[in-house]
Amino acid sequence: MCEHVFVRWDNLKIEQEEGTKLPGFRDPATVRTFDAPEAMGIRFYEVNAKSAINEVPKQSRMPFRYTINPYRGCTHACVYCFARPTHTYLGFNSREDFEREIVVKVNVPELVRAELGRPSWKGAHVALGTNTDPYQWVEGRYKLMPGIWEAMRDYRNPCSVLTKSPLLLRDIALFRELVEQTEFVANLSIPTLEEKAWRATEPHTPHPRKRIEAVAELRRNGIPTGVLVAPLIPGVNDDPKQVEELLGLLGEAGAQSVSAIGLHLRGEVRDIWFDWLRQYRPDLLDHYERLYARGAYLRKDERERLRKLAPGWSWMKGLRRGTRRDTGHEPAEVTEQRRRESQATLF
């Protein structure tokens, strides 16, 4: 275990420390729990990852091909989270384990810098926050994101982030530097303003209005910023007046793009969601059986209805598919690294 892992936590009381092996990781994980109130009942598995930049499957509908996920599992505990089934690859379940057994890839910043520096890397757009939230509560302790953004800045690599947390404002100085060097977009997910719907479906996320305030602060600092109104959930957060109010506030905050997506129920998430309905909204069960009778996606007519609620707008077309900006020069650190690597290939 790298020395810096322990330094990060030297001011906290460690209640438990043990070793365990997780599939896909070369070293045993150091398991920790802490006496911070917000972390009660949560275990953190510190691991050394083999790689940081992941290629998105070609069949994916995502508008980017590469992503980075510093954490696996998410304390936000969003009921509908499509990433829940990925936790089963680690020997955990996709329900409470996804929310309470959090894998921390402590060496991700170093890996990102090394992988961006490879001659084979062509500077493709890298998206963060596509699986679990990189600014979930634990990021405030481990502080992995600044090192990732510094590497992106130094290599002038196009990138973006999607989060539900205003914690990203901590790194706003780095975002300004990124905008000067390459293409960067900050995106926040804000599905609803309605308190009951928010607390029931996203129980441990920051308040939606705090996220809107974060949009405004990012725009005041000149950061390209978008909002994903997602998921729109029939019968839960799709009241037209509520959606209209949210869109109005986003416009006032200066959001440069807004898009909406209906609820997807892939794999085990379908069972988790239907269990939630049985407990909280049994009146909607029959309706959802009809809406999702053909699989993971809403019926076409319902998708169209939701699309009309939030048709979206954008003044940032092209940013998400960019490649590394050609500025005609590289930072001295990058140039020196490439020189060493090219010499090494001679032998």
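Residues numbered from 1 in each chain as written. Predicted model: local features only at pLDDT ≥ 70, side-chain atom pairs only at ≥ 80, totals over all residues. Heavy atoms only, no water.

*Asks:* Pulling in residues and values, what's your account of the pattern of salt bridges?
*Replies:* A full pass over the atoms with the stated rule returns 20 salt bridges. Salt-bridge contacts for Glu 202 lead to Lys 164; the nearest nitrogen and oxygen are separated by 2.7 Å. Separated by 38 residues along the polypeptide, Glu 202 in the loop between α7 (195-201) and α8 (208-220) and Lys 164 in the loop between β9 (159-163) and α6 (172-181) bring together distant segments of the chain. Looking at Glu 202, the relative accessible area reads 1%, which means it is buried. (Salt bridge = Lys/Arg side-chain N within 4 Å of Asp/Glu carboxyl O. Helix = DSSP H or I, 4+ residues; strand = E, 2+ residues; numbered from the N terminus. Buried < 20%, exposed > 50% of the residue type's maximum accessible area, 1.4 Å probe, protein only.)

*Asks:* Mind laying out the packing of aromatic side chains, listing which residues take part and the relevant values?
*Replies:* Here the distance between the centres and the angle between the planes together describe a pair of aromatic rings. Per the counting criterion, the structure on display carries 10 aromatic pairs. When the ring of Phe 44 is compared with that of Trp 137, the centres are 5.8 Å apart and the planes differ by 35°; the resulting orientation is tilted. With a gap of 93 residues between them, Phe 44 in strand β3 (residues 43-47) and Trp 137 in the loop between β8 (126-128) and α4 (139-142) connect regions that are remote in the sequence. We classify Trp 137 as partly exposed; its relative accessible area is 22%. Measuring from ring centre to ring centre gives 5.8 Å for Tyr 288 and Tyr 292, while their planes differ by 10°; the resulting arrangement is stacked. Here the two residues Tyr 288 and Tyr 292 agree in accessibility, since each one is buried. Put simply, the rings of Trp 273, Trp 276, Tyr 280, Tyr 288 and Tyr 292 pair up and form one aromatic cluster. (Phe/Tyr/Trp six-rings, centres within 6.5 Å; stacked < 30°, edge-to-face > 60°.)

*Asks:* Would you mind going over the pairing of β3 in detail, with residue names and values included?
*Replies:* Counted residue by residue, β3 has 4 buried out of 5 residues, so it is predominantly covered. As paired strands, β3 and strand β7 (residues 101-105) are joined by 5 bridges and run parallel to one another. Following the sheet pairing, Tyr 45 is matched in β7 by Val 103. (Pairing = 2+ DSSP bridges.)

*Asks:* How would you summarise unusual backbone geometry if you had to cite specific residues and measurements?
*Replies:* Here the amide bond leading from Ala 230 into Pro 231 is cis, since omega sits at -5°, within 30 degrees of zero. As for its position among the elements, Pro 231 is in strand β11 (residues 225-232). A positive phi angle, near 60°, is found at Ala 77, a position not held by glycine. Positive phi values are uncommon outside glycine, yet Lys 143 reaches one of about 55°.

*Asks:* Can you lay out the pairing of β11 for me, pointing to particular residues and giving the numbers?
*Replies:* Side chains on a regular strand alternate between the two faces of the sheet. Within β11, 8 of the 8 residues are buried, which leaves it mostly tucked inside the rest of the structure. As judged from the 4 bridges shared by strand β10 (residues 184-189) and β11, these two strands associate in the parallel manner. Looking across to β11, one finds that Leu 188 is bridged to Val 227. Relative to strand β12 (residues 257-262), β11 runs parallel, the two being bridged by 5 bridges. Bridging across to β12, Val 229 finds its partner in Ala 260. In this region the chain leaves β11, passes through helix α9 (residues 240-253) and returns to the parallel neighbour β12; the handedness of that crossover is right-handed. (Right-handed = clockwise from strand over helix to strand, strands pointing away.)

*Asks:* Lay out the nonpolar core in plain terms, naming residues and giving numbers.
*Replies:* In a soluble, globular protein the nonpolar side chains are often hidden away together inside. Ranked by internal contacts, the top residues of the largest apolar core, which has 73 residues, are Trp 149, Phe 175, Trp 273 and Tyr 288. The element contributing the most residues to this core is helix α10 (residues 268-280), with 6 residues. When sequence neighbours within four positions are dropped, the list of residues in contact with Trp 273 reads Val 79, Tyr 80, Thr 201, Ile 233, Leu 263, Leu 265 and Tyr 288. With 9 residues, the next largest nonpolar core counts Ile 42, Ile 102, Val 138 and Leu 144 among its residues. (Core = buried A, V, L, I, M, F, W, Y, C linked by side-chain atoms within 4.5 Å. Contact = heavy atoms within 4.5 Å.)

*Asks:* Requested: an account of the state of the cysteines, with residues and values cited.
*Replies:* Overall, the coordinates contain 0 disulfides when judged by the stated rule. Here Cys 74 is not disulfide-linked; the sulfur of Cys 78 is the nearest cysteine sulfur, at 6.3 Å. No disulfide involves Cys 78; its nearest neighbouring cysteine sulfur is the one of Cys 81, lying 6.3 Å away. Since its relative accessible area comes to 7%, Cys 78 is described here as buried. (Disulfide = S-S within 2.5 Å.)

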